[in-house]
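Fold and geometry: a report
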Protein chains: 2
Amino acid sequence: MAETIPHWLSKRAELSPDQTAIELPDGYHMTFLELASASQTFAKKLAENGVKEGSHIGILSNNSIDMVITIHALSYLGAVSVMLNTRLKEEELNYQVKDADVSFIIVSDEMENRIRKMKFPVSVLINTFSQIEQSTEKNTELKTEINIDNVFTIIYTSGTTGFPKGVMHTYGNHWWSAIGSALNLGLSENDKWLATLPIFHVGGLSIFIRSVIYGIPVYLLEKYDPALIHEAIMKKDVTIVSVVTIMLKELVQLLGNNHYPTAFRCMLLGGGPAPKPLLNQAKARRIPVFQSYGMTETSSQIVTLSPKNALEKIGSAGKPLFPAQLKIGNNKGEHVGEIYVKGPMVASGYYKNETATQKALRNGWLATGDLGYVDNEGFLYVVDRRNDLIISGGENIYPSEIESVLAGMEQIHEIGVVGKNDVKWGQVPVAFVVKNEEHVTSEDIVNYAKNALANYKIPKELYFVASLPKNASNKLLRNKLIERLEKRNK
Amino acid sequence: MAETIPHWLSKRAELSPDQTAIELPDGYHMTFLELASASQTFAKKLAENGVKEGSHIGILSNNSIDMVITIHALSYLGAVSVMLNTRLKEEELNYQVKDADVSFIIVSDEMENRIRKMKFPVSVLINTFSQIEQSTEKNTELKTEINIDNVFTIIYTSGTTGFPKGVMHTYGNHWWSAIGSALNLGLSENDKWLATLPIFHVGGLSIFIRSVIYGIPVYLLEKYDPALIHEAIMKKDVTIVSVVTIMLKELVQLLGNNHYPTAFRCMLLGGGPAPKPLLNQAKARRIPVFQSYGMTETSSQIVTLSPKNALEKIGSAGKPLFPAQLKIGNNKGEHVGEIYVKGPMVASGYYKNETATQKALRNGWLATGDLGYVDNEGFLYVVDRRNDLIISGGENIYPSEIESVLAGMEQIHEIGVVGKNDVKWGQVPVAFVVKNEEHVTSEDIVNYAKNALANYKIPKELYFVASLPKNASNKLLRNKLIERLEKRNK
């Protein structure tokens, strides 16, 4: 039976009108009553601009309160927010706008010039937050309830290969995700969650949904700035921060030999496997890092370490959240296999892409394309993307393991490992390295590797490069490294 | 879309195997892994005794670990637990067993003799916990998942009038109820919830479901004993206790001029309106009483005070829980009207009673039959049962208001107020009083009433009686008082 709940923002404003919803580093803050009221007003202005129930509305903005208000406003109209990555190029944006049937793009004022220069299908309207703000309010009926089976957002998977796919998240997907996280982390009225991840990704967006459902403030950073995060934890009573590896690395450096206040209870680490040396550094500083595993299709984390295990199970992403299940598809009878997940936070499919949906989802189980294993206590260890697996002389080599080990060298800033075709071994690992310091040599790196890795895992070639190819979500594009390799060897 | 989640007890045992699930005052405790394992074993023994998916199985027991194991065991088989009140008389039990299509009654060892003497429909099997324990285990497949739309329990509404009706609770009803409560009270890994309310009522049962979903221990009292509750709060780290008014009254007396430890964070008060003098006494002792409102049909509380408002809004039942909604049906254009509630914790109907279901539920809104009003900040005040309303000279009189005021007299143990037909006024209030002390007179009571109540609310007749008529759930049966009144006046 399709469940109906009160509109979550209206409900939160009823329950906790004076509670802070959003706080900025400059001290500005907005209560839930103010956020609900602003969102409802903006909804009526959007209606005046032609937004209707079922409309697909693109949002192109960096993190801002306006952006949060827009997302809530669209939900008051029953319209769907299509979250557009601000790092996308014209061609990529065009693809997503067309694929998602976007009729109207709402853009931040600062992005207006950029987007007005782009060529879109004729039917796409473009308006800035400020332009809509100046509209009159249409006397339209706003949603008072949410049917949790309705689609709330469409977010394109970053797709390290192939065309991106539009993941449809229902209100229920976001709801169950928030509840699953609360059942893992607990819920305190003193919580304050820092958001610096882009809201156009599900990892950033989900913080704002949790805030509404839990009744806790979001400490919003409009731009990523490690010094501001550090200050927010040290002095602004932030208790939870969602980060990716690179952020953790910078925060550990900023912390130096200090410690965070004891009220800071969770550094939620997502976005891919983290180097073990970094996790050990964090542990030495008593930083409560909770590794997690998730993706756009799972509406953010679906497997996460718990408070009890965060410091014991370093390197593990934890156990599946309460409403979720996990299994490993045993590839070739081995310990490591493809990770499958299931649960009510898993999106039900890709927009207008039944083929991709059927390929990814069977009986509710999502084939993640990631490889991993589960230890005898039920903890997940994510090993790598299945497509990135290197097979060398019959041995499986996981590029991220090599990357994780070598990233422990202080002289290395970043590293990407891929397989190179080899007559004798089938494939061998080779590495692309971005140096931190000038004086490191290939020999230094190989010597370091020899102490930590089996011989067949030691990169057979090393290329020093200025940067690594990444996608708009800052994920390493190993297929681009392989292309570079092929060009070099032509 | 019907949502599927892992079987909640198996999942909890995976996430928190060593966490205490149930603790007894004698120090015995059982972990979630042990509880899951015992429930799975018991399920296989029940299967050996013929219990199948879809079977309706009566459970007749006072609070015990065996009873909790039985409920979980039945869920592992996909069978439905029909919770039978141990205070029911033969005829009442017979009615419920027949009405709910119960094929098999599982009875506590101590109740065996009583029930074996009763005459049931031929097809009902009766077995004790011990007898089933001695069975062999059938090699049957147990549920690993829960479809939240499936029926988990049937509990008969105590029904102060008419025949009881079997309320069907789905797994989802219990799930959403537990989540709604967590979003209100918060969730701490240090929580421990005391259960002394009967498990055959939804108020007691729901504590065990929350325990599994939250991963916190239940401190289980097999019998109601105020001294044991007092000790559990003072010395056994209990943080939350669910009580009804009479229990709160006794606990306040036991506490005297002491205070509870600060870790004790919630005395969840349900089961009907509470006398204001008692709430004031509790406030003076800084007892964190959270009044709540709910019924069997709402899977326990659906409106509850929050930590922030518990001490300010004395007399209010609070605001509807996050997934729930509330409205007042305005009777005759007045402020007070019938209370309607809606939300995914509201049961979808009564077993095999479409007429009653359609009468109670319209578009998801449950007509509660209770009267109340909402203040300008959204807080609910429950006034009375609609059927109990007394109309006197055009004025509405709520018996529970008079009862609440007069219960503040130390000399009064209990009081029940009903309307008596009156030629001049239509109706007038009259009171049945159980005295605490011999020397109180009708005049004393009327004088006390004059200071607190409008003249038309002062009982026009007072009857001193030894006890008040109650149903099996300890609720005052005002219709029985009216019958007594009619007999007196014949």
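Counting from 1, residues in each chain are numbered in the order their sequence is written. Each chain is given a letter, starting from A, and each ligand a number, starting from 1, according to the order in which they appear as written. Restriction of local features to residues with pLDDT of at least 70 applies here, the model being predicted, together with a cutoff of 80 or more for giving and counting side-chain atom pairs; totals for whole chains, interfaces and linings are based on all residues. Think of the side-chain values as coming from all heavy atoms in the structure, minus any hydrogens and water.

The next subject is the overall build of chain A. Helix and strand definitions here come from DSSP, where helices need a minimum of 4 consecutive H or I residues and strands a minimum of 2 consecutive E residues; each element is numbered from the N-terminal end. Regarding its fold elements, chain A presents 15 helices and 28 strands. Just to be clear, the radius of gyration here is over C-alpha atoms, and the globule rule we use is 2.2 Å times residues to the power 0.38. Relative to a compact globule of 490 residues, whose C-alpha radius of gyration would be 23 Å, chain A shows 23 Å and is just as compact. With respect to the principal axes defined by its C-alpha atoms, chain A has extents near 70 × 50 × 45 Å. When each of the 490 residues of chain A is scored for burial, the buried share is 59%. Pairs of residues are marked as contacts when any of their non-hydrogen atoms sit within 4.5 Å. Within chain A, residue pairs in contact and separated by at least 24 positions form 66% of the contacts whose partners lie at least 6 positions apart. A total accessible area of about 20400 Å² is found for chain A, and carbon and sulfur atoms account for 48% of it. To sort residues, take the accessible area from a 1.4 Å probe on protein chains only and compare it with the maximum for the residue type: under 20% means buried, over 50% means exposed, and anything in between is partly exposed. Using a 1.4 Å probe, the Shrake-Rupley method yields the accessible areas, and only the shown protein chains count as cover for residues.

Looking now at the relation of the copies chain B and chain A. When the copies are superposed, the least-squares fit takes in the C-alpha atoms of residues with a pLDDT of at least 70 in both. Between the two copies, chain B and chain A, the superposition gives an RMSD of 0.1 Å; the rotation angle is 180° and the shift along the axis is 0.0 Å. Taken together, these values place the two copies in the relation of a two-fold axis. Taking the C-alpha atom as reference, chain B places Leu187 of chain B closest to the rotation axis, 2.4 Å from it. Comparing interface residues between copies, 100% of those in chain B also sit at the interface in chain A, which points to an isologous, same-surface contact.

This part is about the interface of chain B and chain A. Residue-level contacts link 37 residues of chain B with 37 residues of chain A. With both sides pooled, the region where chain B packs onto chain A buries about 3300 Å², and carbon together with sulfur makes up 58% of that total. Salt bridges are identified by distance alone: a Lys or Arg side-chain nitrogen within 4 Å of an Asp or Glu carboxyl oxygen. Applying the counting criterion to the chain B and chain A interface returns two salt bridges. Salt-bridge contacts for Glu145 of chain B lead to Lys342 of chain A; the nearest nitrogen and oxygen are separated by 2.9 Å. Elements that contribute at least two residues to the side of chain B that touches chain A include exactly strand E1 (4-6), helix H1 (8-15), helix H7 (171-185), helix H8 (202-214) and strand E17 (319-320) of chain B. Classes in brief: Ala, Val, Leu, Ile, Met, Phe, Trp, Tyr, Cys and Pro nonpolar; Asp, Glu, Lys and Arg charged; the others, Gly included, polar. Tallied by class, residues from the side of chain B that touches chain A come to 23 nonpolar, four polar and ten charged. Note: buried area is the sum, over both parts, of the accessible area (probe 1.4 Å) each one loses when the two are combined.

Side-chain pairs of opposite charge can arise whenever the charged atoms involved come near each other. For the structure shown, the criterion picks out 30 salt bridges over all chains. Two residues, Glu133 of chain B and Lys45 of chain B, come together in a salt bridge whose shortest N-O distance is 2.7 Å. Residue Glu133 of chain B is located in helix H6 (residues 129-133), and its partner Lys45 of chain B is located in helix H2 (residues 32-48); the two are separated by 88 residues in the primary sequence. Residue Glu133 of chain B is classed as partly exposed on the basis of its relative accessible area of 40%. What makes Lys45 of chain B buried here is its relative accessible area of 9%. Of the charged contacts, one joins Arg265 of chain B and Asp191 of chain B as a salt bridge, the two residues approaching to 2.7 Å between their closest N and O atoms. Within this pair, whereas Arg265 of chain B is found in the loop between helix H10 (245-255) and strand E14 (266-270), its partner Asp191 of chain B is found in the loop between H7 and strand E11 (193-195), the two being separated by 74 residues in sequence. Linked through salt bridges whose partners overlap, the residues forming this network are Lys313, Asp375 and Glu377 of chain A.

What follows deals with helix H15 (residues 478-488) of chain A. Residue and element names in this part refer to chain A. Taken together, the buried positions of H15 are occupied by Arg478, Leu481 and Leu485. Around the axis of H15, the buried residues are gathered within 50° of arc, so they sit on the same side. Buried residues along H15 sit in contact with strand E23 (380-385), helix H13 (399-406), strand E26 (412-422), strand E27 (426-435) and strand E28 (461-464). Regarding the arc, it is the one traced by the directions from the helix axis to the C-beta atoms.

On to the sheet that holds strand E3 (residues 29-31) of chain B, then. Residues and elements named next belong to chain B. Pairing within the open sheet is mixed, and its nine strands lie in the order E3-E2-E12-E11-E13-E14-E15-E16-E17. The sheet is open, and its two borders are formed by E3 and E17, each paired with just one other strand. Between any two strands, at least two bridges found by DSSP are needed for them to pair. Pairing analysis gives three bridges linking E11 to strand E12 (residues 218-220), with the strands arranged parallel. Counted as the bridge partner of Ala195 is Leu220 from E12. Here an axis means a line fitted to C-alpha atoms, over the contact stretch when the element is a helix, while the angle between two N-to-C directions is reported on a 0 to 180 degree scale. The strands touched by H2 are strand E2 (20-23) and E3; relative to E3, the strand with the most contacts, the crossing angle is about 80°.

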